[in-house]
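Residue-level structure breakdown
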Amino acid sequence: MRILSIETSCDETAVSLVEANGGLVKPRFSVLGNSLFSQIDIHKEYGGVFPMVAKREHAKNLPLLLEKTLKQADEYSVTDSSYSTEAWDEIKKILSREEGLFDLFEQNFETVGKPDIDAIAVTYGPGLEPALWVGISFALALSNLWNIPIVPVNHMEGHIFSVLLSEEEKPIQFPALALLISGGHTELVLMKDWGQYEILGQTKDDAVGEAFDKVARVLGLPYPGGPQISKLAELAREKNFEKVAKLPRPMIHSGNLDFSFSGLKTAVLYYVRDNPLTNDTQRADIAREFEDAVVEVLLKKTKEALNETLAKTLVVAGGVIANKKLREEFLKLEKEFRDLIVKTPTGAMSTDNAIMISCAAYINAVLQPDILKKQPTILANGNLHLDKDK
Ligand code: KG4
Ligand code: ZN
């Protein structure tokens, strides 16, 4: 099955075309085309993501990325027979909420032939609603133009199934536990089976990626903070800088599986207020201590959840698992818990991308083949949950 996917939930515009097969027993994915445009340089100026700027950039980039992806997959063709006026009228209606997108769409796709694809997957939440809407409208327009079914995908389910792309041959075994750590989420999710989710614990305030970004800002580092903190912390470990800063491990003994990271950011703020930053060694020391605090809390809660659920597989996914220290520590759990399989996405699959959206769409299409027959109404849902909205 060939799935074209579109991801615009935050500041990455991404389009991919993936061939999927093997069903639930041996899901296999081969990437035929993949394009991604990161808006980081644009948002850097503001120190965070501005939804309306993200929306504008998505609209500008989607037609270009789609063309690039189709060309990579050798699915880009130009036809003489143009689409009917009725088709364009309908598309105009679909795209009416996105200023300027119809003109761009028409210019780019008026003569593009229907590619050989079976479904179009699109992220409909969680994320920034204005940004999500652009992707949804664009996907609906394509679905209409080419008469191809559309599959709405939960972004967090995309992160979970990003691990299916890793090289190693270890299938997910259920019950499985997923620790999802991204810019907007920190949650421990029990997966009783494919598509069955129960949230066991989550952050009460900031997500862990958000904490990385905010602490980076306090330390005077650019957005997004995760990779910057990561680099400094690594330097501190490599050079064995003296450990001076001490930060709390929020909620580590709370007795439940919830998290809190906003206090950690405040603690860094107070620390820097009382110990003004004068050099990079000091910055690196704080970055290492912050990373250690995050790793300790995440590990402790995950171990508790593994003991509680007797999960056979641990999936750790979301942008923050790009962090080297975290990845190393989580992979060690395979030694500590007998028979546990730990699955993490490969480097580039950790942060937002469209390939993982194709993976999740495939799993959903195998679970409920009927979704390919319906033409669902798709509404952006910024607060979409894995369990409640199923
Ligand atoms: O999953 P993602 O790409 O987007 C969301 O769905 O939020 O995650 C982005 C988050 C950002 O907060 C970013 O700072 C963090 O992932 N991140 C990292 C690293 N790379 C990205 N955090 C820690 N260490 C990293 N190496
Ligand atoms: Zn994400």
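Placed above this text is the structure.
So, a few notes on the structure that sits alongside this text. The model shown is predicted, which means the values in this text are computed figures rather than measured ones.

**Regarding the sheet that holds strand S6 (residues 176–181)**
Adjacent strands of a sheet pair through backbone hydrogen bonds, lying either parallel or antiparallel. The sheet built from five strands is open, its strands ordered S8-S7-S6-S9-S10 with mixed pairing. Each edge of the open sheet carries a strand with a single partner, namely strand S8 (196–202) and strand S10 (341–343). Across the sheet, the axes of successive neighbouring strands diverge by a mean angle of 20 degrees, strand direction being ignored. Relative to strand S9 (residues 313–317), S6 is paired through five bridges, and the arrangement is parallel. From the neighbouring strand, Ala-178 faces S9, where its bridge partner is Val-315.

**Quick notes on the pairing of S9**
Counting buried positions over the five residues of S9 gives five, a clear majority of the element. Of the two faces of S9, the one holding Thr-313, Val-315 and Ala-317 and the one holding Leu-314 and Val-316 are both buried throughout. Taken together, the three bridges between S9 and S10 define a ladder with parallel strand orientation. Residue pairing across strands places Leu-314 opposite Val-342, the latter belonging to S10.

**So, the side chain of Glu-329**
Along the chain, Glu-329 turns up in helix H11 (residues 324–331). If near-sequence neighbours (up to four positions away) are discounted, Glu-329 is found in contact with Val-295 and Leu-299.

**Quick notes on the sheet that holds strand S4 (residues 119–125)**
With mixed pairing, the five strands of this open sheet are ordered in space as S3-S2-S1-S4-S5. Unpaired on one side and paired on the other, strand S3 (28–38) and strand S5 (150–154) mark the two borders of the sheet. Put simply, the sheet's adjacent strands are angled 20 degrees from each other on average, direction ignored. Here four bridges tie strand S1 (residues 2–7) to S4, and the two strands are oriented parallel to one another. Each residue of the ladder has a partner; that of Ile-3, found in S4, is Ala-119. Running over the sheet, helix H2 (residues 51–72) touches S1, strand S2 (12–21) and S3 and is turned about 30 degrees from S2. Contacts from helix H14 (residues 355–367) reach S1, S2, S3, S4 and S5 within the one sheet, and its direction differs from that of S1 by about 125 degrees.

**Digging into unusual backbone geometry**
Residue Pro-175 is bonded to the preceding Phe-174 through a cis peptide linkage, with omega at 0 degrees. Within the element layout of this structure, Pro-175 appears in the loop between helix H6 (155–161) and S6. Tyr-223 connects to Pro-224 through a cis peptide bond whose omega is -10 degrees. Counting through the fold element by element, Pro-224 comes out in the loop between helix H7 (208–218) and helix H8 (225–238). The phi dihedral of Leu-310 is positive, around 55 degrees, even though this residue is not glycine. Looking at where Leu-310 falls in the secondary structure, it is placed in the loop between helix H10 (280–309) and S9.

**Quick look at the side chain of Thr-69**
By the element assignment, Thr-69 lies in helix H2. Residue contacts for Thr-69: discarding those within four places in its chain leaves Val-15, Ser-16, Leu-17, Gly-33, Asn-34 and Ser-35.

**Side note on the coordination of the zinc ion (ligand 2)**
Taken together, the protein ligands of the zinc ion (ligand 2) are His-155 (NE2), His-159 (NE2) and Asp-352 (OD), with distances of 2.0 to 2.1 Å. All donors of the zinc ion (ligand 2) come from a single chain, and their spacing in sequence reads H-x3-H-x192-D. In this pair, His-155 sits in helix H6 while Asp-352 sits in the loop between helix H13 (347–350) and H14, placing the two residues 197 residues apart along the sequence. A relative accessible area of 6% places His-155 in the buried class.

**So, the pairing of S4**
Judged by how many residues are buried, S4 sits mostly within the fold: seven of seven residues are covered. The parallel pair S4 and S5 is bridged by helix H5 (residues 129–146), and the resulting crossover is right-handed.

**Some thoughts on the environment of Ser-350**
Considering the arrangement of structural elements, one finds Ser-350 in helix H13. When residues no more than four places from it in sequence are discounted, the contact partners of Ser-350 are His-159, Gly-318, Gly-319, Ile-321, Ala-322, Arg-327 and Pro-345.

**Here's the deal with the packing of aromatic side chains**
For any pair of aromatic rings, the description rests on two quantities: the centre-to-centre distance and the angle between the ring planes. Applying the stated criterion to the full structure yields 12 aromatic pairs. Residues Phe-29 and Tyr-362 carry aromatic rings whose centres are separated by 5.7 Å and whose planes lie at 90 degrees to one another, so their mutual orientation is edge-to-face. Pair noted here: Phe-29 is in strand S3 and Tyr-362 is in helix H14, with a separation of 333 residues, a long-range link. Its relative accessible area of 6% is what places Tyr-362 among the buried residues. Residues Phe-109 and Phe-138 carry aromatic rings whose centres are separated by 6.2 Å and whose planes lie at 65 degrees to one another, so their mutual orientation is edge-to-face. Residue Phe-109 is found in helix H4 (residues 101–109), and its partner Phe-138 is found in helix H5; the two are separated by 29 residues along the sequence.

**Some points on the site of ligand 1**
Near ligand 1 you find 18 residues, and of these His-159, Gly-183, Asp-213, Gly-319 and Asp-352 are the closest. One of the backbone N or O atoms of Gly-209 is found 3.1 Å from an oxygen atom in ligand 1. Here Asp-213 contributes a side-chain N or O atom positioned 2.7 Å from an oxygen atom of ligand 1. Relative to its unbound accessible area of 550 Å², ligand 1 is 89% covered by the protein chains. When the residues that make up the shell around ligand 1 are grouped by side-chain class, the tally is five nonpolar, 11 polar and two charged.

Conventions and cut-offs
Residues numbered from 1 in each chain as written. Chains lettered and ligands numbered in written order. Predicted model: local features only at pLDDT ≥ 70, side-chain atom pairs only at ≥ 80, totals over all residues. Heavy atoms only, no water. Pairing = 2+ DSSP bridges. Helix = DSSP H or I, 4+ residues; strand = E, 2+ residues; numbered from the N terminus. Axes fitted to C-alpha atoms, helices over the stretch in contact; angles between N-to-C directions. Buried < 20%, exposed > 50% of the residue type's maximum accessible area, 1.4 Å probe, protein only. Contact = heavy atoms within 4.5 Å. Donors = N, O, S within 2.8 Å, 3.2 Å for Na, K, Ca; no water. Right-handed = clockwise from strand over helix to strand, strands pointing away. Phe/Tyr/Trp six-rings, centres within 6.5 Å; stacked < 30°, edge-to-face > 60°. Near = heavy atom within 4 Å. Polar contact = N/O pair within 3.5 Å; in protein donor to acceptor, adjacent residues only side chain to side chain. Areas by Shrake-Rupley, 256 points an atom, 1.4 Å probe, with all protein chains shown as cover. Nonpolar A, V, L, I, M, F, W, Y, C, P; charged D, E, K, R; others polar.

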